[in-house]
Amino acid sequence: MPVIEKKRTRDLPQINERIRFPKIRVIDTDGGQLGIIPPHEALKLAEEKELDLVLISDKADPPVCRIMDYGKYKFEQEKKAREARKKQHTADVKEVKMRYKIEEHDYNVRVKQAERFLKEGDKVKATVMFRGREIQHSDLAEDLLKRMAKDLESIGEVQQAPKKEGRNMMMLISPKK
């Protein structure tokens, strides 16, 4: 025997007969207000025009409903949601690695990389790696990271100051708003 799942009424959109309020504010298809009337009267008006009565805002007092084509309304809402997702950019953390004894040209390449990442809206994690006894020179690495922060201050701001993590020293820079 197949199991029939019953949808809860709160999961369904509030249209037509599902609107359960004593009085509602009704807006016509052209945007004009029809006033505050009982839902069954508004439903009659919608059926005369062969359209649906759709609950727009249940937070208002009284709740606001509109006479419209529900299929078209649902499509427009989904379209808006898709556009919003397209425009949304999540900030990734991009890493720029180097050693404290880095040559000038290589340092400039790392700064350019970090600049590009910041302009794209991503955060930059600048890491200075140590090998063996190099960890004794952590002050030189800190100076290097501070120099990088100064070089990038026009487009980025230090979110986390240079700090040691194991055999690395790192700093986090985020793009300026």
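Up top is the structure.
Quantities reported herein were computed from a predicted structural model and do not represent experimental measurements.

A. A look at the packing of aromatic side chains. Considering all chains together, one arrives at two aromatic pairs under this definition. Measuring from ring centre to ring centre gives 6.3 Å for Tyr70 and Tyr73, while their planes differ by 40°; the resulting arrangement is tilted. Of the two residues, Tyr70 and Tyr73 are both situated in helix H2 (residues 70–87); the distance of three residues between them amounts to about one turn of the helix. Owing to a relative accessible area of 16%, Tyr70 belongs among the buried residues under this scheme. Here Tyr100 and Phe130 contribute two aromatic rings whose centre-to-centre distance is 6.4 Å and whose plane-to-plane angle is 40°, an arrangement assigned as tilted. Linking Tyr100 in the loop between strand E5 (93–99) and helix H3 (104–119) with Phe130 in the loop between strand E6 (123–129) and helix H4 (138–151), this pair joins segments that are 30 residues apart in sequence. Over the aromatic face of Tyr107 sits the side chain of Arg147, whose NZ or CZ is 4.0 Å from the ring centroid.

B. Local environment of the pattern of salt bridges. Tallied over the entire structure, the rule returns 10 salt bridges. Lys146 is the salt-bridge partner of Glu142, the closest N and O atoms lying 3.4 Å from each other. Placement of both Glu142 and Lys146 in helix H4 is noted, with a separation of four residues, approximately one turn of the helix. A cluster of three or more residues bridged by salt bridges with shared partners is formed by Arg99, Lys101 and Glu134.

C. Broad picture of helix H1 (residues 39–48). By the burial criterion, the buried members of H1 are Pro39, Ala42, Leu43 and Ala46. Along the long axis of H1, the arc covered by the buried residues comes to 105°, so they all point the same way. Where H1 is buried, its residues touch strand E1 (24–27), strand E2 (33–37), strand E3 (52–57) and strand E4 (64–68). Just downstream of H1, Glu50 is the residue with a positive phi angle, here 60°.

D. Quick look at the sheet that holds E2. Sheet architecture is open: four strands sit in the order E2-E1-E4-E3, paired in mixed fashion. In this open sheet, the two edge strands, each paired with only one partner strand, are E2 and E3. Averaged over all adjacent pairs, the angle separating strand axes in this sheet is 30°, with direction ignored. Both E3 and E4 contribute to a ladder of five bridges, which runs antiparallel. If you follow Val54 over to E4, its bridge partner there is Arg66. Contacting E3 and E4, H2 crosses the sheet at an angle of about 35° to E3.

The rules we used
Residues numbered from 1 in each chain as written. Predicted model: local features only at pLDDT ≥ 70, side-chain atom pairs only at ≥ 80, totals over all residues. Heavy atoms only, no water. Phe/Tyr/Trp six-rings, centres within 6.5 Å; stacked < 30°, edge-to-face > 60°. Helix = DSSP H or I, 4+ residues; strand = E, 2+ residues; numbered from the N terminus. Buried < 20%, exposed > 50% of the residue type's maximum accessible area, 1.4 Å probe, protein only. Lys NZ or Arg CZ within 6 Å of the ring centre and 35° of its normal. Salt bridge = Lys/Arg side-chain N within 4 Å of Asp/Glu carboxyl O. Arc of directions from axis to C-beta. Contact = heavy atoms within 4.5 Å. Pairing = 2+ DSSP bridges. Axes fitted to C-alpha atoms, helices over the stretch in contact; angles between N-to-C directions.

Geometric descriptors of this kind do not, in isolation, establish any biological role.
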